[in-house]
Each structure stands twice: as C-alpha cells, then as structure tokens.
Amino acid sequence: MRLVTWNINSLRLRMPLLEKLTTTLQPDVVCLQETKVPDALFPLDAVRALGFEHLHYKGMKGYNGVAILSRLPLSPATDTPSWYGKEDCRHVAATLHAPGGDIALHDFYVPAGGDEPDPETNPKFAHKLTFVEEVTDWFARQKLARTVLVGDFNIAPLEHDVWSHKQLLKIVSHTPPETERLTNWQQTGFVDAMRHFVPPQDKLYTWWSYRNRDWKKSNRGRRLDHIWVTPDLVPQLASMTVVQDARDWPSPSDHVPVVMDIQP
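Residues numbered from 1 in each chain as written. Predicted model: local features only at pLDDT ≥ 70, side-chain atom pairs only at ≥ 80, totals over all residues. Heavy atoms only, no water.

**Quick look at the pattern of salt bridges**
Move 1: As enumerated under the stated definition, the model contains 9 salt bridges in all.
Move 2: Among the ionic pairs, Glu178 bridges to Lys128, the shortest N-O distance being 2.6 Å. Of the two residues, Glu178 is situated in helix H5 (residues 176-186) and Lys128 in helix H3 (residues 123-140); the sequence distance between them amounts to 50 residues.
Move 3: Among the salt bridges present, the one from Glu133 reaches Arg181, with a minimum N-O distance of 2.8 Å. Placement of Glu133 in helix H3 and of Arg181 in helix H5 is noted, with a sequence separation of 48 residues between them.
Move 4: Glu133 gets classed as partly exposed once you look at its relative accessible area, which sits at 33%. (Salt bridge = Lys/Arg side-chain N within 4 Å of Asp/Glu carboxyl O. Helix = DSSP H or I, 4+ residues; strand = E, 2+ residues; numbered from the N terminus. Buried < 20%, exposed > 50% of the residue type's maximum accessible area, 1.4 Å probe, protein only.)

Have a look at this one:
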C-alpha cells in the first residue's frame, strides 16, 4: 500500500498538482490537509477521475480542511471529537480495508499557532497547545493497533527537523512547549515512521517558506509533516520518500508530499 500525506494548500487551486502526483506516484491513499473547500463544493468528479472512489473529508470555506482519498475501500469514522470545542475541520479518520488487514487511519491538520509563542498574549498559540493536549489525552485512552497517523502537525520536534535549532527555539513550530507536547502525543503509542528511515542526526524537511526567494539554495526548511505508525506496523514499513521536487511544481504548495510504502 502506498500512502501519501500532503498539505496541498487549496485543493481546487492545485487539482493539476494532485493529478501530477497521482500520475507520477500512483498512490493507493492520499491524505490531504488545508483543502480550503466546503463539503458542498468538494471536487468529487475530478478526484474520482483520478481513481479515488472512496472518500472521507471535512472542509470549510477558505481555511483548514482535511480529506482522505483512497483506491481501497474505507469505512469513515463518525465519532471523532470536536477539538478545542471547534468544528474547524482539522481531523478525519477512517478504517482502511487494506491488503493484509484493516488499518485505522487518522489525518490531522494541527493549528499553526500564529507568530508569538506566548499563550497568554496569543490566542492562536493557546489554541495550538491545547489542541495537542486534547488529542494526546484522547489517544492515551484508545486501544491502538494497526494504526497510522499522518498530517501537517505544524511542529518540527527534533533538532535536525529545522535548518537551525538555536535560531528557531523561540520561533513557533520549534519551541519547547510545542515539541514537548508533540513528543507526549507520539508516546501514546506511535513510532515516527519517517525517522525509521532517516536517522535523527540527519536533516529532514517537508516545508520551505514562500518567503525564501530561492528555497533550494537557502534550504531553510522544517519538518512539519509527519507519518506515525503503531509498533505492530513497523515491520511492514518498506520505504519513505519526501517528494522534494514538488516544491518546484507550478504554483506549488509550501509543503511537499511524503510517501510511505507499507507492505501487506
């Protein structure tokens, strides 16, 4: 099974890029974040024309939005919480009926958190921290097995998940309050599947700001996008690829897709 996670930064705007990704990589499942489309306007026909007959999505106008696109049959989960008391379309989940057995799949778009890393003065940062805490508490109460958790978590937890650990320690996405909370979430029962293939001492990025005139030359990246799996799936992890070339596609997202191959 080939799984892709990608913050597409507007599904309707970047449908040609989704088509390019699908043609190039032939994924079985694509998890999208920041789709920015209300459910009534979701481009069903265009997505199904790419071969994804099985869909589960939540979206709103102009902001957020998550979607699971699958060639494999899936059963949508209908009992996921409303995080932070908001219906702001940041989480969808489903059971994938995959070769080798069912897999529980969660797709998250964690709040970005604004610019100021102070929950007292910045409500967006308070929202982010509390969101991760609530999610952590919920997963700690679940009986996890054959589970994959993906998405744009908007946190780069490790020293080499950012271009400069020292310079970004006070920058939202790499501050200790965020990284500590993300670590706590992971420790509810998950393995960092990307770092299963790339050692923690090696640089690993999935996002490069639009503000960088030459993103490749400056390479001031961060790993904001993640794939976690429960330990029972680790032996089935076959390969992982960060599709860095996608950052140079026409009108690109500032995030690039991450591909994970999971053997039956």
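Picking up after the structure, the text goes on.
**Thoughts on the sheet that holds strand S4 (residues 66-70)**
Sheets are built from strands paired through backbone hydrogen bonds, the pairs being either parallel or antiparallel.
Move 1: Judged by pairing direction, the sheet is mixed, and its 6 strands sit side by side in the order S3-S4-S2-S1-S14-S13 without closing on themselves. Each having just a single partner strand, strand S3 (54-58) and strand S13 (237-242) make up the two edges of the open sheet. For this sheet the average axis-to-axis angle between neighbouring strands, irrespective of direction, equals 10°.
Move 2: Direction of pairing for strand S1 (residues 2-7) relative to strand S14 (residues 258-262): antiparallel, over a ladder of 4 bridges. The partner of Val4 across the bridge, within S14, is Val259.
Move 3: This element, helix H1 (residues 15-25), spans S1, strand S2 (29-33), S4 and S14 of the sheet and lies at about 155° to S1. (Pairing = 2+ DSSP bridges. Axes fitted to C-alpha atoms, helices over the stretch in contact; angles between N-to-C directions. Contact = heavy atoms within 4.5 Å.)

**Here's the deal with the UniProt feature "domain: Endonuclease/exonuclease/phosphatase" (unreviewed entry) in the chain**
Move 1: Under the present numbering, the feature "domain: Endonuclease/exonuclease/phosphatase" (unreviewed entry) in UniProt falls on residues 4-255.
Move 2: A distance of 13 Å separates the end C-alpha atoms of residues 4-255, which is 23% helix and 25% strand. (UniProt positions renumbered as here; feature names shortened; annotations may be inferred.)

**What to know about unusual backbone geometry**
Move 1: Of note, Asn64 is a non-glycine position whose phi angle comes to about 50°, a positive value.
Move 2: Position of Asn64 among the secondary structure elements: in the loop between S3 and S4.
Move 3: The backbone of Arg146 sits at a positive phi, close to 45°, despite the residue not being glycine.

**Some details on H5**
Move 1: Turning to H5, its buried residues are Glu178, Thr179, Leu182 and Trp185. The buried residues of H5 all sit within an arc of 120° when viewed along its axis, so they share a single face.
Move 2: Buried positions along H5 lie against strand S7 (101-109), H3, strand S8 (147-152) and strand S12 (225-229). (Arc of directions from axis to C-beta.)

**Overview of the layout of surface pockets**
Move 1: For the largest pocket, the calculated volume is near 800 Å³.
Move 2: Lining the largest pocket we find 26 residues, and of these Asp115, Trp207, Ser209, Arg211 and Arg222 sit closest to its centre.
Move 3: Residues of the lining of the largest pocket, tallied by class, amount to 9 nonpolar, 9 polar and 8 charged.
Move 4: Asn64, Tyr84, Lys86, Arg90, Tyr109, Pro111, Ala112, Gly113, Gly114, Pro123, Lys124 and His127 together form the lining of the second largest pocket.
Move 5: Of the residues forming the lining of the second largest pocket, the biggest block, 3 residues, is contributed by H3. (1 Å grid on protein atoms, 1.4 Å probe; cavity = no way out; pocket = protein on both sides within 12 Å on 5 of 7 lines; lining within 4 Å. Points joined across faces, edges and corners; volume = space filled by probe spheres on them. Nonpolar A, V, L, I, M, F, W, Y, C, P; charged D, E, K, R; others polar.)

**A few points about the sheet that holds strand S6 (residues 91-98)**
Move 1: Pairing within the open sheet is mixed, and its 6 strands lie in the order S5-S6-S7-S8-S12-S9. Of all the strands in the sheet, the pair left with one neighbour each is strand S5 (74-76) and strand S9 (191-192).
Move 2: Bridging between S7 and S8 involves 6 bridges; their strand directions are parallel. Each bridged residue has a counterpart across the sheet, and for His106 the counterpart in S8 is Leu149.

**Section: the environment of Asp107**
Move 1: Structurally, the position occupied by Asp107 is in strand S7.
Move 2: On a C-alpha basis, the gap between Asp107 and Gln167 in space is 30 Å, while along the polypeptide they are 60 residues apart.
Move 3: Residues within four places of Asp107 in sequence aside, it is in contact with Cys31, Leu32, Gln33, Val66, Ala67, Ile68, Arg90, His91, Val92, Val150 and Gly151.
Move 4: Reaching out from Asp107, the side chain makes a polar contact with the side chain of Gln33 at a distance of 2.8 Å. (Polar contact = N/O pair within 3.5 Å; in protein donor to acceptor, adjacent residues only side chain to side chain.)

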